[in-house]
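# Examining the three-dimensional arrangement
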Amino acid sequence: MKEKILDRAKQYWLLGRFDRPIGIYILLWPALWALWVASAGKPDLLVLTVICMGTVLMRAAGCVINDYADRDFDPHVERTKQRPIAAGKVSPKEALIVFVVMCLVAFGLVLLLNIYTILMSFVAAFLAASYPFMKRYTHLPQAYLGIAFGWAVPMAFTAQTNNIPPVAWVMYLAVVLWALVYDTMYAMVDKDDDLKIGVKSTAILFGDYDRHIMAVLQLIIIALLVSVGLMANLRWPYYVGLALGASLFIYQQKLIFKREKPLCFKAFLNNNWFGLAVFIGLIFAY
C-alpha cells in the first residue's frame, strides 16, 4: 500500500513537471514584474504568497491538461513519449482528476484576494484549460500560450491595487510576445515530429524566417518594456536589467542560428535568465 501511494505521488509529481521547474520560473517572472510595479516595490505579503503559490499550481495544472490533450500525440514524439500518460503510468481519467484538484486548490487561494481578482481567475482557468487544444486548429498556439501565461500580469495588478492601469496592458503585451518567442524556440525542437503527426506551431508557420521574426519580436519586447519603465517612472537600474536582457536575446539568436535542436532548447531555457534580469532591475529600481 505504501509503495503504491509513493508511486502515485511520484507519477503525479512528474505529471505536473515539478521535476522541471523552468516552466514555473518563466511563468513567475512576469507575475513578479507586475506585482513590483503595481506596488512600487513593496508588494503585500498575502498577495505575493498567493501569486507565487498560484503560479506553481496553475503551471502544474497546465502541464497536466496539456498531457491529457496530447495523449494521442506524445507517444509518437521522442521528447514526450516517456511522460506519465503517454507511457501508460497515469490514466487520462486520473489526470483529469489531478487537474481539477489543482485548479480547486489554486482557486481556494484566490478567494483570499479581492473580488476583481477572483473574477479574473475564471479567465485564467479558461485560458489554461483551452490552450493545449489550440495546436489542432491554429499555427499560433504559442501566441495563445502567451495570452494565457501573461494573464498573471493584470491579475497581479488587480490583486495589489484592485485596478488595471495602462502600464499593465503594455507589460502584458510584452509578456505575450515574449512567450511567443520562447515557446517557438521550444517548438523548434519538436518541429520534425510535429510535421509528421500534423500538430501545428509557429516554428512550422514561420518556416525559414523563424529566426528573423523572433529577432523582430525581441526588439519589440525590449521597446515595450522600456515603455513600461517610462510609464512607471522607473529609475536607471531597471534599464540596466533590460540591457542585460537584450544581451541575452542576442545570445539566444546565436544559439538558434543553425536551428540545432539541443541549442534551440538551450535558447528556450536561457529565457529564465532574461526574466530574472528584468526582475533584478526592478528590485534595484525601487
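Residues numbered from 1 in each chain as written. Predicted model: local features only at pLDDT ≥ 70, side-chain atom pairs only at ≥ 80, totals over all residues. Heavy atoms only, no water.

### Here's the deal with the pattern of salt bridges
Spelled out, the test is: Take a side-chain nitrogen of Lys or Arg and a carboxyl oxygen of Asp or Glu: if they are within 4 Å of each other, that pair is a salt bridge. Helical segments are the DSSP runs of H or I of at least four residues, strand segments are the runs of E of at least two, and each set is numbered from the N terminus. Buried residues are those whose accessible area, probed at 1.4 Å on protein chains only, stays under 20% of the maximum for their type, while exposed residues exceed 50% and partly exposed ones sit between those limits.
A complete count under the given rule lists 5 salt bridges for this structure. Arg-8 is paired through a salt bridge with Glu-94; the nearest N and O atoms lie 2.7 Å apart. One end of the pair, Arg-8, is in helix α1 (residues 2–15); the other, Glu-94, is in helix α4 (residues 92–110), with 86 residues separating them in the sequence. Taking the shortest distance from any N to any O, the salt bridge between Arg-83 and Asp-67 comes out at 3.3 Å. Here Arg-83, found in the loop between α3 (45–69) and α4, pairs with Asp-67, found in helix α3; they are 16 residues apart in sequence, far enough to count as distant. On the basis of relative accessible area, Asp-67 is assigned to the buried category, the value being 1%. One network of salt bridges, with partners in common, ties together Asp-7, Arg-8 and Glu-94.

### Some points on the packing of helix α7 (residues 152–161) against helix α8 (residues 166–189)
Cut-off, in case you're wondering: Here an angle of 0 to 180 degrees is reported between the N-to-C directions of two axes, which are lines fitted to C-alpha atoms, with helices fitted over the stretch in contact. In what follows, roughly perpendicular refers to angles from 65 to 115 degrees, roughly parallel to angles under 35, roughly antiparallel to angles over 145, and oblique to any angle outside these ranges. What makes two residues a contact is simply this: any of their non-hydrogen atoms within 4.5 Å. Only Asp, Glu, Lys and Arg are considered charged in this grouping, and only Ala, Val, Leu, Ile, Met, Phe, Trp, Tyr, Cys and Pro are considered nonpolar; every other residue, Gly among them, is considered polar.
Between α7 and α8, the shortest axis-to-axis distance is 8 Å and the interhelical angle comes to 155°. By the angle between their axes, α7 is roughly antiparallel relative to α8. Side by side, α7 and α8 meet where Val-153, Pro-154 and Phe-157 of the first sit next to Val-167, Ala-168, Trp-169, Met-171, Tyr-172 and Val-175 of the second. Taken together, the residues of the contact of α7 with α8 break down into 9 nonpolar, no polar and no charged.

### Considerations on the packing of aromatic side chains
Let me state the cut-off plainly: Two rings belonging to Phe, Tyr or Trp (six-membered ring only in the last case) form a pair when the distance between their centres is within 6.5 Å. Interplanar angles under 30 degrees mark stacking, angles over 60 mark edge-to-face geometry, and anything in between is tilted.
Applying the stated criterion across every chain, the model contains 17 aromatic pairs. With 6.3 Å between their ring centres and 70° between their planes, Trp-33 and Phe-274 make a pair best called edge-to-face. Of this pair, Trp-33 sits in helix α2 (residues 22–38) while Phe-274 sits in helix α13 (residues 261–285); the two residues are 241 residues apart in sequence, bridging distant segments of the chain. Exposure remark for Phe-274: the relative accessible area of 0% places this residue in the buried category. The interplanar angle of 50° and the centroid separation of 5.3 Å between the aromatic rings of Trp-178 and Phe-274 together place this pair among those described as tilted. Taken together, the residues span a long stretch of sequence, with Trp-178 in helix α8 and Phe-274 in helix α13 at a distance of 96 residues. Neither Trp-178 nor Phe-274 differs from the other in exposure class; each is buried. An aromatic cluster is defined as three or more aromatic residues linked by ring pairs; in this entry it consists of Trp-33, Trp-178, Tyr-182, Tyr-186, Phe-249, Phe-265, Phe-268 and Phe-274.

### A look at the nonpolar core
One recurring pattern in soluble globular proteins: nonpolar side chains tend to sit buried together. Under the convention used in this document: Here, nonpolar core means buried Ala, Val, Leu, Ile, Met, Phe, Trp, Tyr and Cys residues that are tied together by side-chain atoms lying within 4.5 Å of each other.
Counting 77 residues, the largest nonpolar core has Trp-33, Leu-225, Tyr-238 and Phe-274 as the members making the most contacts within it. It is α8 that provides the largest number of residues to this core, a total of 19 residues. Contacts of Phe-274, omitting those with residues within four sequence positions, involve Trp-33, Trp-178, Ile-221, Ile-222, Leu-225, Gly-245, Ala-246, Leu-248 and Phe-249. Within the second largest apolar cluster, 13 residues are counted, among which are Ala-60, Ile-85, Val-90 and Val-98.

### Focus: the side chain of Ser-130
The condition that has to hold: N or O atoms closer than or at 3.5 Å make up a polar contact, with two conditions inside protein: a donor-capable atom paired with an acceptor-capable one, and, for residues adjacent in sequence, both atoms drawn from side chains.
If you trace the backbone, Ser-130 turns up in helix α5 (residues 115–130). With a relative accessible area of 11%, Ser-130 lands in the buried category. A distance of 2.7 Å separates the side chain of Ser-130 from the backbone oxygen of Phe-126, its partner in a polar contact.

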